[in-house]
Amino acid sequence: MSEQAGGWDTGADSLHRYDDYTQINRNQRRVDALKLALGKGTFSDDIDLPGMLHLKCLWSPHAHARITSIDTSAAEKVPGVVTILHHGNVPRVPYTTAGQGHPEPSPYDTYMFPKKVRFVGDRVACVAAESELAAARAARLIRVEYEVLEPLLDSRRAMDPGAPIVHDEPEASGLPGYDKERNLAASMEVFHGDYAAAFAKADLVLEHEYEVPYQHQCALEPHVAVTWLDEDNRLVVRVATQVPFHSRRILARVLGIPVSRIRVIKPRIGGGFGGKQEILIDDLPAMVTLRTGRPARLFFTRREEFSSSRARHPQILRWKTGVTKDGVVLAQELEVLANTGPYGAHALTVQGCTAGKTLPLYKAEGYRFIMNTVYTNLANGGAFRGYGGPQGFFAMEAHMSEVAERLGLDPADFRTKNLIGEGDENPLSKALGEGGEGPPQRIRSCGIQECVAQGKAAIGWERRGKLADPAPHLRRGLGMACLMHGSGIPGVDMASAFLKLNDDGSFNLHVGATEIGTGSDTILSQIAAEALQVPLHKIIIYSSDTDMTPFDKGAYASSTTYISGTSVKKACDGVVEQLKQAAFEIWRHHGDPSDGPLTIADEHVVRPDGKRLSYSEICLSTFYEHDQHQIMDHGSHMSMESPPPFAAHFAEVEVDVETGAVRVLRYVAATDCGVPIHPQNCEGQIEGGAVTMLGYALSEDFVFAGGRLLSDTFRDYKQFTALDVPEFTPILVKTFEPSGPFGAKSVAEIPTDGPGPTIANAVSNALGVRFRKLPITPERVREAWLAKQQGQPASTRA
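Just so it is clear, the structure is predicted and the values come from calculations on it, not from any experiment.

**Some thoughts on the overall build of the protein chain**
Across its full length, the protein chain holds 18 helices and 34 strands. In terms of C-alpha radius of gyration, the protein chain reaches 28 Å, essentially the compact-globule figure of 28 Å for 798 residues. Here the protein chain holds 798 residues, and the buried ones make up 63% of them. Sequence separation of 24 or more characterises 80% of the internal contacts of the protein chain that already satisfy a separation of 6 or more. On the protein chain, roughly 28,400 Å² of surface is accessible, and the fraction owed to carbon and sulfur atoms is 51%. Separation of charge centres in the protein chain, based on 82 positive and 98 negative side chains, amounts to 4 Å.

**Overview of the domain arrangement of the protein chain**
Under the domain assignment used here, the protein chain contains domain 1 (1–30 + 444–487 + 643–798), domain 2 (53–149 + 218–308) and domain 3 (490–638). The C-alpha centroid of domain 3 is placed 38 Å from the C-alpha centroid of domain 1. At the interface, 27 residues of domain 1 touch 22 residues of domain 3. Summed over both partners, the interface of domain 1 with domain 3 buries about 1,900 Å², with 58% contributed by carbon and sulfur atoms. Taken together, the links from domain 1 to domain 3 amount to 11 residue pairs in polar contact (both at pLDDT 80 or more).

**Side note on the pattern of salt bridges**
In total, this model carries 49 salt bridges according to the counting rule given. Measuring nitrogen to oxygen at the nearest pair gives 2.7 Å for the salt bridge that ties D32 to R268. One end of the pair, D32, is in the loop between α1 (3–6) and α2 (33–37); the other, R268, is in the loop between β12 (262–265) and α7 (283–292), and 236 residues separate them in sequence. Accessibility assignment for this pair places D32 and R268 in one class, buried. For R234, the salt bridge identified is with D547, shortest N-O distance 2.7 Å. Of this pair, R234 sits in the loop between β10 (224–229) and β11 (235–239) while D547 is found in the loop between β23 (539–543) and α14 (560–589), placing the two residues 313 residues apart along the sequence.

**Structural notes on helix α13 (residues 520–532)**
Taking 1.5 Å per residue as the helical rise, α13 with its 13 residues ought to reach 18 Å, and the 18 Å between its terminal C-alpha atoms agrees with that figure. Counting buried positions along α13 gives 13 out of 13 residues, so the element sits mostly inside the fold. Two residues or fewer past α13, Q533 is found with a positive phi of approximately 60°.

**Concerning the environment of G433**
Its place among the elements puts G433 in the loop between β18 (425–426) and β19 (441–442). Taking the C-alpha atoms as reference points, G433 and P490, separated by 57 residues in sequence, lie 8.0 Å from one another.

**Re the confidence of the model for the protein chain**
For the protein chain, the average pLDDT comes to 95, and 97% of its residues sit at 70 or higher. Between residues 1–16, whose pLDDT stays under 50, and residues either more than four places distant or in other chains, the model counts 29 contacts.

**Side note on the packing of α14 against helix α15 (residues 615–624)**
In the contact formed by α14 and α15, the axes pass within 10 Å of each other and the chain directions differ by 70°. Between α14 and α15, the angle is such that the two are roughly perpendicular. For the pair formed by α14 and α15, the contact residues are L579, A582, A583 and I586 on the first element and Y615, I618, S621 and T622 on the second. A per-class count over the contact of α14 with α15 returns 6 nonpolar, 2 polar and no charged.

**Some details on the side chain of S559**
Among the structural elements, S559 can be located in the loop between β23 and α14. The buried category is assigned to S559, whose relative accessible area is 2%. What S559 contacts, discounting residues up to four positions off in sequence, is G488, D493, K553, G554 and S564.

**A word on the pairing of strand β15 (residues 315–323)**
In terms of burial, β15 is a largely internal element, 9 of the 9 residues being buried. Sheet analysis places strand β8 (residues 204–212) next to β15, joined by 9 bridges and oriented antiparallel. Along β15, the bridge assignment pairs E211 with I316. Sheet topology note: the β15/strand β16 (residues 329–341) ladder contains 9 bridges and is antiparallel. Within β16, the residue paired with Q315 across the bridge is A338. In this structure, the hairpin formed by β15 and β16 is closed by a connection of 5 residues, where G327 is found at a positive phi of approximately 95°.

What counts as what
- For every chain, the first residue of the written sequence is number 1, and numbering continues from 1 onward in sequence order.
- A pLDDT threshold of at least 70 governs which residues receive local features in this predicted model, and a stricter bar of 80 or more applies before side-chain atom pairs are shown or counted, although totals over entire chains, interfaces and linings include all residues.
- In computing side-chain properties, one takes all heavy atoms of the structure into account and sets aside hydrogens as well as water.
- Counting from the N terminus, the helices are DSSP H or I runs at least four residues long and the strands are E runs at least two residues long.
- Each radius of gyration reported is based on C-alpha atoms, and the globular scaling rule is 2.2 Å times the count of residues to the power 0.38.
- When a residue's accessible area, from a 1.4 Å probe over protein chains only, is under 20% of the maximum for its type it is buried; when over 50% it is exposed; and in between it is partly exposed.
- Whether two residues touch is decided by their heavy atoms; if any such pair falls within 4.5 Å, the residues are in contact.
- All accessible areas in this document rest on Shrake-Rupley with a 1.4 Å probe, and a residue is counted as covered only by the protein chains that are shown.
- Residues scored as positive are Lys and Arg, those scored as negative are Asp and Glu, and His as well as the terminal groups of each chain are ignored.
- Taken as the charge centre is NZ of Lys, CZ of Arg, CG of Asp or CD of Glu, depending on the residue.
- Where each domain begins and ends follows an automated or database-derived domain assignment.
- Here's the idea: put two parts together, see how much 1.4 Å probe accessible area each one loses, and the total over both is what we call buried area.
- We define a polar contact as two N or O atoms separated by no more than 3.5 Å, with the added condition that, inside protein, one atom must be a possible hydrogen donor and the other a possible acceptor, whereas residues neighbouring each other in sequence contribute only through side-chain atom pairs.
- One side-chain nitrogen of Lys or Arg within 4 Å of one carboxyl oxygen of Asp or Glu is enough to make a salt bridge.
- Helix span, expected: 1.5 Å multiplied by one less than the number of residues in the helix.
- Scored between 0 and 100, pLDDT is the confidence that the predictor attaches to each residue.
- Note on geometry: axes are C-alpha line fits, over the in-contact stretch for helices, and angles between N-to-C directions span 0 to 180 degrees.
- Put simply, angles under 35 degrees are roughly parallel, angles over 145 are roughly antiparallel, angles from 65 to 115 are roughly perpendicular, and the rest are oblique.
- As a working rule, the residues Ala, Val, Leu, Ile, Met, Phe, Trp, Tyr, Cys and Pro are called nonpolar, Asp, Glu, Lys and Arg charged, and the rest polar, with Gly in that last group.
- DSSP bridges decide pairing: two strands pair if at least two such bridges lie between them.

Printed below as a string of structure tokens:
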């Protein structure tokens, strides 16, 4: 292990060892723990305003149809109905619901209400009434006539000549690679090195197709927004969102009012997972409030969440690898066909991450990536924790195990021989930027080899191929996967923080960063406490209010600790210098100047001779006595780097060949996230992220009939529950990331990348059957096992 990884920090924090930190790398009580335990942490819907209107939507019953007429006369007569919105009485403004930085790298193909509905669950109208019951009753009375069109229900057909065109309106537009006449929401082709020559000299070239399904975020709190006009006639939007500043900007466009007239407040969030990185419902209550002057509320039901929100993009992936006979990877090629559904939010960037997070993990002489994201009339794709990584890693890591098997090599040894490492360049970072060319990246911290070593030891990898089957109908197997992700979007993501000193030596920390249940308020407070050398309770944090906090792009792209945390540290460093200067002036004013450099410790500024002034004493002096001013500073941070966290996941499974049921017995996730600011919170992120994806591997999928989603309740959509979770071992492999705050990098998304391939590889090891399509349901297992028994090829995409 390197000296860095062994515990010594480098760069600006070189005086510290991991164990010398007083506030970070510690399991501190969360700053919001008490109010949550007492039920005082208010969520978006925990508000009841006088005169509030309740909204209900009328959704399209057709997958593809043109609205020819809307008659609201009967609905308007329902007692309590105040107003009804539809495409005939609102502005037609093209926009994207994707909560991304400006200019958004997603097509402008969405409207408050479309003239043509493009999926079952698309918006048709919205009723505002005095009660939910009245609004729901009125919505059912709206009479709509449709010209039903042929739906496009197969992504493989989307670009075929003669296929139904999902977007035929003139206003829809996108980035280069957008071609609505071919149903292309996004496309790209990039390469690095001479991949053709590298394939030509390979001893083995292996190529297979893989397929991954829809997956819904299933946040406990559905989408909800409450709006009202404040005393200055400004629009206030209280919304469950990951991106309050993006919401404000996009709302201003859609509503046709200045940003200065909008305030977005993000209260507590009951889970986001990417689904709330969309400006999905904010515009409807906002428009009602602007029209009526009254507060308005829109709250999705669970069925509406499934049918009318967003989900993980399904993909068909073709992976091709060229290797030497002794297991050196020479070339890789990935082709992705992704289904974005009827609208193109995140269509380019999710699929770009499918390649950008995966391909660079294994060093090669040449790479090629081809991507087409197509429109269909099925459910909407969008942002979901992992953001393209889980799709890509399933294909790549299943494929790498297949390559190892063909070469007769241990899958772990084959991987470690080819993994990227510290000092290596990311060969695809420039080609796969956020909607354009990105900055070059060099790996400055990497614990992937140690992750593999510790993971192998924890799972008992030496047992692979030697596991005893506990019964004639049960088979056991081990599988693994190696992973990397990122920490923010380099050259794009920016965050800011503001800090001020109070009389008692406490500090107000204002951040735009969005706490969505991940513990970010605690993490950022710990970073501030460490930089200021104060206990955690001296930091009073306030976050996510576009009027009261500085800008932050929001909670996505695994950026909060790395980007927002560095902005906090910059603000604190500025305040520390002001504290030192104020203390120097106080001592000089009293005729006792310091003759050496000043330091900080235990809430004091300290002189070389040991004399000290507390932060409280300094503040009282600067407020009331000498050189009166407010000690405060702000910090903003944008990084040209995006240091990857690394991980190695391992699983032991048991397969019942009679029923096809797969049971995950043990799961190990060894992760390098740099210096863990709050180790227990990091472990929680790893466990939560991985458990979310157990269902992706084994049970979760969307089931359609004629474009209508059938699996639209928790009864029919088969998520894993607490009863299904296996024995879980998270392992933190410490490294130090020089560009991160106190050596930290991200941890939030990388655990979602592992379960798909890890479990698929374990099932393959147990049965000798390769599954190239998720989820690996009992039906598919049983079918594949029977086919093997009958001597058919031992692999399946069924």
